[in-house]
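Chain residues, written in single-letter form:
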Amino acid sequence: MREVIYMKDLRLARFSTERSTIEVKGVTIGGKEIILMGGPCAVESSIQMSRSARTVKKAGGKILRGGVFKPRTSPYSFQGLGLEGLNYLVQAARENDLLCVTEVIDASSLDLVGDKVDLIQIGARNMQNFELLKLAGTISKPIILKRGLSATIEEWLLAAEYILAAGNPQVILCERGIRTFEPSTRNTLDLSAVGVAKELSHLPVIVDPSHAAGRRDLISALSKAAIAGGADGLLIEMHPNPAEATSDGPQSLYPEQFIQLARELGTVAGSVNRVFACGGQEDEDTLESLRTQIDNIDQSIIKCLVARMKIVGKVGDQKRLDRVKDTNREKEIIQRLVNLAEELQLPSELVKKIYPLIFEFGVQSQIKSKVALDKELDLSCYPLGSK
């Protein structure tokens, strides 16, 4: 019943038959690839942004973030560098072949950044600034629309509808946590909202784990959970020196933490049939480091094979001995994996050589288990020495 209420006024955002993808200079948001966006909460200096951009690039990120206009709870907090900060952001992004995004807070800031950045963010505090939403609908830049601090999913989607109705179809929803009674985190990350938003609308959905957690020790887990939950990208705060950050230092990752997280995202993405490739690691690609990376991957492969064989054993327990080998099932799985390999640009011949061996070993294991079980049953029914 509630879905009907949600859908009633979603004339343009409503999901019908196809999901939207948003392409910006070769970067596609909402496609198969998970898009990583990173950078400091606030732009503070040219050096800070250059270092941040290099880290984002190294991690495989595609978009550099940085606030130049900062709506803050306290009037005495750092409010951003404005045009000066915007220039630092744009220059650092261009030098590292990255796109860039920053937040706008009113009509004048929208006018100032509109021709300089690649994407525009409307923050949680302005999610229901309807005049700003309408203005955002008149430009041709993609808009990242953050969910309000206490907004329902319906209100969030209707805010997106304002932008769409004003003529801009390029809207990206961003879940960044909502205010609840729980004091352990800055906000409560509502990952269920990702699934609901993607069910009700055709728009891409990304997640900002930094503002949800408010503490860097949770960012890695929340990021992985977001990808597993269907998010199309991540917007993560990272600072070259969080201890000196003018805003949100405690929730900003150190560069090495950001890169390490990026290295781990590919596995999670692959588990939900998505793709994320960590960026180049030129200064670390020594023979020893590359061998270490291979060793770690090999260990992961063996652990996955162990898990697979345990499941194969359980499957075998439910089969008759004369029906252990299922040729049709084997062909179906191999063909599916061959298709996936080709999609991920892995030689299909590798799959065709490896998986028949895995299947044959699994079948033999099931047969041995069945035979051993039958012997145990025979012995229990006819003990040694009995006739």
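Residues numbered from 1 in each chain as written. Predicted model: local features only at pLDDT ≥ 70, side-chain atom pairs only at ≥ 80, totals over all residues. Heavy atoms only, no water.

Quick question: what am I supposed to make of the side chain of Asp208 here?
Secondary-structure assignment places Asp208 in the loop between strand E9 (205-207) and helix H8 (209-213). There is a polar contact of 2.6 Å between the side chain of Asp208 and the side chain of Lys146. Within polar-contact distance, the side chain of Asp208 engages the backbone nitrogen of Ser210 at 2.9 Å. In contact with Asp208, other than residues within four places in its own chain, are Lys146, Cys174, Glu175, Arg176, Leu189 and Leu235. (Helix = DSSP H or I, 4+ residues; strand = E, 2+ residues; numbered from the N terminus. Polar contact = N/O pair within 3.5 Å; in protein donor to acceptor, adjacent residues only side chain to side chain. Contact = heavy atoms within 4.5 Å.)

So what exactly am I meant to see when it comes to the pairing of strand E8 (residues 171-175) here?
Working note: regular strand, side chains alternate between the two faces of the sheet. Of all five residues in E8, five are buried, a share of seventy percent or more. Judged by which residues are buried, E8 turns out to be covered on both faces: Val171, Leu173 and Glu175 on one side and Ile172 and Cys174 on the other are all buried. Inspection of the sheet shows strand E7 (residues 143-146) paired to E8 by four bridges, in the parallel sense. Residue Leu145 lies in a different strand from E8, and its bridge partner there is Leu173. Strand direction decides the pairing type here: E8 and E9, joined by three bridges, are parallel. Bridging from a neighbouring strand, Glu175 pairs with Val207 of E9. For the crossover that starts at E8, traverses helix H7 (residues 192-200) and ends in the parallel E9, the hand is right-handed. (Buried < 20%, exposed > 50% of the residue type's maximum accessible area, 1.4 Å probe, protein only. Pairing = 2+ DSSP bridges. Right-handed = clockwise from strand over helix to strand, strands pointing away.)

I'm lost on the sheet that holds strand E6 (residues 119-122) in this one. Help?
Whenever strands of a sheet pair, they do so through backbone hydrogen bonds, lying parallel or antiparallel. Spatially, E3-E4-E5-E6-E7-E8-E9-E10 is the arrangement adopted by the eight strands of the closed barrel, whose pairing is parallel. Taking each pair of neighbouring strands and ignoring which way they run, the sheet shows an average axis angle of 30°. Helix H3 (residues 83-95) contacts strand E4 (63-65) and strand E5 (99-104) of the sheet and is inclined by roughly 160° relative to E5. Helix-sheet contacts for helix H6 (residues 153-165) involve E6, E7, E8 and E9, and the interaxial angle to E8 is about 160°. (Axes fitted to C-alpha atoms, helices over the stretch in contact; angles between N-to-C directions.)

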